[in-house]
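Analysis of the macromolecular model
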Amino acid sequence: STQTTEGTKMLQVCSNPTCPDGSAATCCDTADGDCDDGDDDWCCGTDFLCTNDSPDWAAQQGGVLCCSLGHAPTPTTLLAITYSIRADSFYTALALAKILEDVSPSQVDTYVQAAASAAGASGAFAAFSTLLVSEVVVVEALPAPTCHYEAHAYGGEAFPWGEVTWSERRGGASEDRAVTFECGTFGPTSVPTAVPSSAPTAAPTAAPTTAVPSPVPSLAPTTINYRLADFSATPPAELAEAAFTGTGLKVEHLVVNLTVPATKPVRLTLRGGGRTGSALRFYDEDPDNPGYALTSDAGSTSVARWIPAGDTILTLAAGALRDRVNNGQSVVQTITVSLDSDDAIYGRERNFIGSFAVTVLDVDESLIAVNKFLATTDPVTSDAAALTAKAKENAATFVFTAALTSLPFSAVRLEVKGDVDAFASISVDGADGGNRTVEPADWASAATYEFRVADDAVLSGDRNYSVWFVARSDDANYDGRRSATMTCQVIEDDVAFATVSGKALTVGAGVDGPTFSDGYWITLSAPPTANVVVSLDCADTNVFYTKRLLFTPDNWDRKYVAVNASLADPDVLEGRTATLTHSVASSDAFFDGLAVSDVEIAVEFSADSVPPPKLELVRFLDGGNGLDVLFDSPTNMIDGEWDIDCATLFEYAAQQFGADGTCSWTNSSALRVTFGAGAQIVPFDYVAATEKNAAWLKGGVLKNDLDGATLTSAAQYAEAQKPLHPVAP
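What counts and what doesn't
Residues numbered from 1 in each chain as written. Predicted model: local features only at pLDDT ≥ 70, side-chain atom pairs only at ≥ 80, totals over all residues. Heavy atoms only, no water. Helix = DSSP H or I, 4+ residues; strand = E, 2+ residues; numbered from the N terminus. Buried < 20%, exposed > 50% of the residue type's maximum accessible area, 1.4 Å probe, protein only. Contact = heavy atoms within 4.5 Å. Disulfide = S-S within 2.5 Å. Salt bridge = Lys/Arg side-chain N within 4 Å of Asp/Glu carboxyl O. Pairing = 2+ DSSP bridges. Axes fitted to C-alpha atoms, helices over the stretch in contact; angles between N-to-C directions. pLDDT = per-residue confidence, 0-100. Phe/Tyr/Trp six-rings, centres within 6.5 Å; stacked < 30°, edge-to-face > 60°. Lys NZ or Arg CZ within 6 Å of the ring centre and 35° of its normal. Core = buried A, V, L, I, M, F, W, Y, C linked by side-chain atoms within 4.5 Å. Patch = residues over 30% accessible without salt bridge, like charges linked within 9 Å, V, L, I, M, F, W, Y side chains within 5 Å. Areas by Shrake-Rupley, 256 points an atom, 1.4 Å probe, with all protein chains shown as cover.

**Topic: the overall build of the protein**
Per the secondary structure count, the protein includes 6 helices and 46 strands. Here the protein holds 729 residues, and the buried ones make up 46% of them. Here the contacts in the protein between residues at least 6 apart in sequence split such that 67% fall between residues at least 24 apart.

Right, dumping it as structure tokens:
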């Protein structure tokens with residue numbers, strides 16, 4: 001039942017046609033520029049006249065086939081194709097033969113696809129779409145003694161010239177097909193004899209015309225498209241090594257162009273070359289930030305992309321990561337592009353592969369990157385730049401990080417220069433010592449530097465200490481490199497003030513003069529840079545006191561003020577009050593004009609021989625969990641009990657000491673306060689003093705420890721001083 005059909009196909013051209021005005025037409029082949037290959041175009045001036053290509057091409061250009069011109073020369077036969085098609089059905093063989101007869105001369109290379117399409121279109125011979133051989137290519141058909149032909153298979157093997165025979169196994173049966181090509185120079189009437197096929201011939205039987213599938217040559221690529229099919233790539237002229245920044249990774253466009261569109265999608269595979277660290281990579285471009293890669297895309301050195309059927313352009317985003325090596329050289333890297341498609345004109349067997357050069361610029365520098373306070377801002381690398389960090393003097397610590405910006409070729413020692421001696425200590429990553437050696441393997445690791453300033457009681461004012469790094473290395477790129485200057489601004493937190501130990505005094509006066517005296521201490525907060533004079537004054541002329549106190553830079557210890565008084569009128573045996581004021585003068589601007597608390601004096605006509613106790617000092621415990629309260633003289637402890645309700649002695653006790661705070665006498669002149677939950681008292685702040693900075697003693701509660709004492713302590717307060725030796729958190 002195997003059937004075979006044979007035939008001969010002529011490839012004819014009509015050259016040198018005549019224009020309508022009788023002049024000779026000129027060759028104007030715009031497709032491949034070749035006027036001797038059998039598919040040439042002819043023009044009259046700039047107007048298209050005719051073509052020896054396909055009818056489709058003639059219609060597209062607005063002309064006709066040259067052989068259809070009534071005045072055209074006798075056709076010249078360039079090629080005769082004898083074919084023998086063997087199939088398992090006469091109808092199949094007849095259909096294939098019919099297609100070959102109807103295909104235009106320029107489409108002879110596509111008859112296999114046309115046959116398969118026709119068979120598939122009928123729905124009866126879909127298996128033809130799996131033919132092994134995809135195309136028979138007429139590469140050149142010149143009027144010469146020999147012509148060059150090629151045949152291609154999907155597997156990539158090349159068939160010899162002359163007779164080409166192939167076989168296909170379909171449905172378990174082996175079927176042979178043979179095609180023989182002949183070429184040469186033929187005259188107007190010379191037609192070569194058909195060459196018999198190597199396949200056996202069976203006499204065809206008549207077949208109904210309705211069984212012949214309709215030809216579909218328009219679905220197959222044309223010979224001219226096969227010859228013109230090619231591609232080009234336009235890579236960026238150069239790429240600068242890039243790194244992700246706040247805006248993303250900078251990319252440049254690479255454009256791939258097909259010379260003619262394909263009827264099927266074309267798959268492009270692109271590979272970037274070069275050193276591993278800075279190999280070219282392909283990215284998805286961020287549509288919201290053109291020119292930059294999507295931040296979620298890490299890039300790839302190899303990608304596959306598709307050009308849809310009918311399109312010819314593909315645009316990709318390419319970039320090169322920094323290799324972080326400062327070699328000062330630009331590197332030429334390659335991009336390899338390869339094509340593949342189910343459309344035969346771009347099929348893999350055609351080996352469309354191209355390599356394109358891209359210059360990657362080295363942008364790495366050998367610098368020292370400094371970033372203050374572990375901030376998220378970009379590091380500062382310029383040696384002309386300056387960073388300023390501020391901190392209060394009390395346990396001030398300045399934190400910077402330092403790292404190299406590129407891989408050194410040898411170890412780099414970073415030395416700290418500048419006001420190094422101004423710091424109490426310098427540490428690197430928690431270890432004491434300011435200088436650090438960076439090994440090449442650790443070049444990108446940022447080290448943390450801590451510069452600590454010792455607290456003091458000296459009023460030096462705000463001051464700046466500047467430090468920087470200098471690199472020492474056998475790597476010439478780094479040796480001698482200086483970092484940005486790091487300025488540590490120390491904010492003076494010592495405040496000039498004077499405290500008064502007792503702000504409410506009691507002195508005794510009798511008919512014979514003063515009976516007992518009292519006094520208080522004045523203490524400066526810090527040593528002055530010049531003499532400080534405190535002058536005292538009282539409007540009551542019967543109050544006697546120290547008139548002047550002198551504090552010097554070498555002797556600024558606390559000074560005692562003694563106070564006594566006599567009766568203003570010997571005939572009036574009763575008490576009175578007076579106020580003692582202070583004024584301060586000094587060449588030290590911190591102390592000059594300093595305000596000092598007034599002292600209230602109660603002059604009592606009493607049989608007591610000593611004044612009642614008064615608050616002298618309130619200081620936080622070193623652990624911060626309570627207070628030590630000192631009185632200037634022994635007290636009667638109210639009722640003699642060692643434990644006492646805090647609210648009995650102090651105003652605001654529950655608020656300042658906590659609801660469950662406790663008070664206990666340690667001796668008759670000292671009391672220990674232990675804070676409860678919610679205690680609000682805080683160490684004294686001269687700049688922003690509030691009632692929370694002091695302990696407030698109630699009046700009329702405490703007496704001295706002498707029998708028969710009648711006078712009680714006046715209501716008064718004392719500032720809560722910082723602990724002497726605070727425990728670090």
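**Observations regarding the state of the cysteines**
Applying the stated criterion to the full structure yields 4 disulfides. Paired by a disulfide, cysteine 28 and cysteine 43 hold their sulfur atoms 1.8 Å apart. In this structure, the disulfide formed by cysteine 28 and cysteine 43 twists by about 75° around the S-S bond and is classed as right-handed. With cysteine 28 in the loop between strand E2 (26-27) and strand E3 (41-44) and cysteine 43 in strand E3, this pair connects stretches of sequence that are 15 residues apart. An identical accessibility class is assigned to cysteine 28 and cysteine 43; each is buried.

**Quick word on the pattern of salt bridges**
Here the structure, examined in full by the defined rule, presents 13 salt bridges. As a salt-bridge pair, glutamate 252 and lysine 250 come within 3.8 Å of each other at their nearest N and O atoms. Judged by relative accessible area, glutamate 252 falls into the partly exposed class, the value being 31%. In this structure, arginine 305 engages aspartate 284 in a salt bridge whose closest nitrogen and oxygen atoms are separated by 3.4 Å. On the criterion of sequence distance, the pair formed by arginine 305 in strand E16 (residues 302-307) and aspartate 284 in the loop between strand E15 (280-283) and E16 is long-range, its members being 21 residues apart. For aspartate 284, a relative accessible area of 38% corresponds to the partly exposed category. Among the charged side chains, a salt-bridge network with shared partners connects Arg413, Glu415, Lys417 and Arg472.

**Observations regarding the sheet that holds strand E32 (residues 513-516)**
Paired through their backbone hydrogen bonds, the strands of a sheet run either parallel or antiparallel. Taken in spatial order, the 6 strands of this open sheet run E32-E31-E39-E38-E34-E36, and their pairing is mixed. With one partner strand each, in any of the chains shown, E32 and strand E36 (548-551) form the two edges of the open sheet. Neighbour to neighbour, the strand axes of the sheet diverge by 30° on average, direction disregarded. Where strand E31 (residues 504-510) and strand E39 (residues 599-604) come together, 5 bridges link them in parallel fashion. Residue pairing in the sheet places leucine 505 in a bridge with isoleucine 601 of E39.

**A short note on unusual backbone geometry**
At asparagine 351, a position not held by glycine, the phi torsion is positive, near 60°. The topology assignment puts asparagine 351 in the loop between strand E18 (331-341) and strand E19 (353-361). At tyrosine 652, a residue that is not glycine, the phi angle is positive and equals roughly 55°. A relative accessible area of 38% means that tyrosine 652 is categorised as partly exposed.

**Some words on the pairing of strand E46 (residues 716-721)**
In terms of residue burial, E46 counts as a mostly covered element, since 5 of its 6 residues are buried. In this sheet, E46 lies alongside strand E40 (residues 615-620) in parallel orientation, the contact comprising 2 bridges. Note that in E46 the partner of arginine 619 across the bridge is glutamine 721. Direction of pairing for strand E45 (residues 694-697) relative to E46: antiparallel, over a ladder of 4 bridges. Within E46, the position partnered with alanine 695 by the bridge is alanine 718.

**Structural notes on the confidence of the model for the protein**
Here the protein averages 75 in pLDDT, while 71% of its residues score no lower than 70. Across residues 79-222 the pLDDT falls below 50, and counting only partners more than four positions away or on other chains, this stretch makes 272 contacts in the model. A low-confidence stretch, residues 372-377 (pLDDT under 50), is modelled with 11 contacts involving residues beyond four sequence positions or located in other chains.

**Side note on the packing of aromatic side chains**
Note on aromatic pairs: each is described by the distance of the centres and the angle between the planes. This model, assessed by the stated rule, comprises 14 aromatic pairs. Seen in terms of ring centroids, phenylalanine 423 and phenylalanine 451 are 5.2 Å apart; in terms of plane orientation they differ by 55°. Their pairing is tilted. You can see phenylalanine 423 sitting in the loop between strand E23 (412-418) and strand E24 (425-428) and its partner phenylalanine 451 sitting in strand E27 (residues 447-452), a full 28 residues away along the chain. What makes phenylalanine 423 buried here is its relative accessible area of 7%. You can call phenylalanine 451 buried: its relative accessible area is 0%. With a centroid separation of 6.2 Å and 90° between ring planes, the pair formed by tyrosine 652 and tryptophan 696 is classed as edge-to-face. One end of the pair, tyrosine 652, is in the loop between helix H5 (646-649) and helix H6 (653-657); the other, tryptophan 696, is in strand E45, with 44 residues separating them in the sequence. By relative accessible area, tryptophan 696 is classed as partly exposed at 26%. What links up through ring pairs into an aromatic cluster is the set Phe231, Tyr346, Phe352 and Phe356. Above the ring of tryptophan 468, the side-chain terminus of arginine 482 is found at 4.0 Å from the ring centroid. One residue, lysine 547, lies across the ring of tyrosine 545, its end atom 3.7 Å from the ring centre.

**Points about the nonpolar core**
If you look at the biggest cluster of nonpolar residues, it comprises 32 residues, and the most contacted ones within it are Tyr520, Ile522, Val543, Val563, Leu580 and Ile601. The greatest single-element share of this core, amounting to 4 residues, is contributed by strand E34 (residues 532-538). Once residues lying within four places of it in the same chain are set aside, the contact partners of leucine 580 are Tyr520, Leu536, Asp537, Cys538, Tyr545, Val561, Val563, Asp598, Val599 and Ile601.

**Some remarks on the pairing of E39**
When strand E38 (residues 576-586) meets E39, the two strands line up antiparallel, connected through 5 bridges. Its bridge partner being in E39, leucine 580 is matched across the sheet by valine 599.

**Side note on a nonpolar patch on the surface**
A grouping of Val511, Leu573 and Phe605 is seen on the molecular surface, where their side chains present a nonpolar patch of about 270 Å² in accessible area. In this structure leucine 573 comes out as partly exposed when scored by relative accessible area, which is 45%.

**A word on the environment of valine 532**
As for its placement among the helices and strands, valine 532 is situated in strand E34. The buried category is assigned to valine 532, whose relative accessible area is 0%. Distance in space between the C-alpha atoms of valine 532 and valine 584 is 6.9 Å, their sequence separation being 52 residues. The contacts of valine 532, once residues within four sequence positions are left out, are Leu524, Leu549, Leu550, Phe551, Val584, Ala585, Ser586 and Phe591.

**A few points about the sheet that holds E2**
Strand order in the open sheet made by the 4 strands is E2-E3-E4-E5, with mixed pairing throughout. Single-partner strands in this sheet number two, and they are E2 and strand E5 (64-65). Bridging between strand E4 (residues 47-51) and E5 involves 2 bridges; their strand directions are parallel. Looking at the pairing, cysteine 50 lines up with valine 64 of E5.

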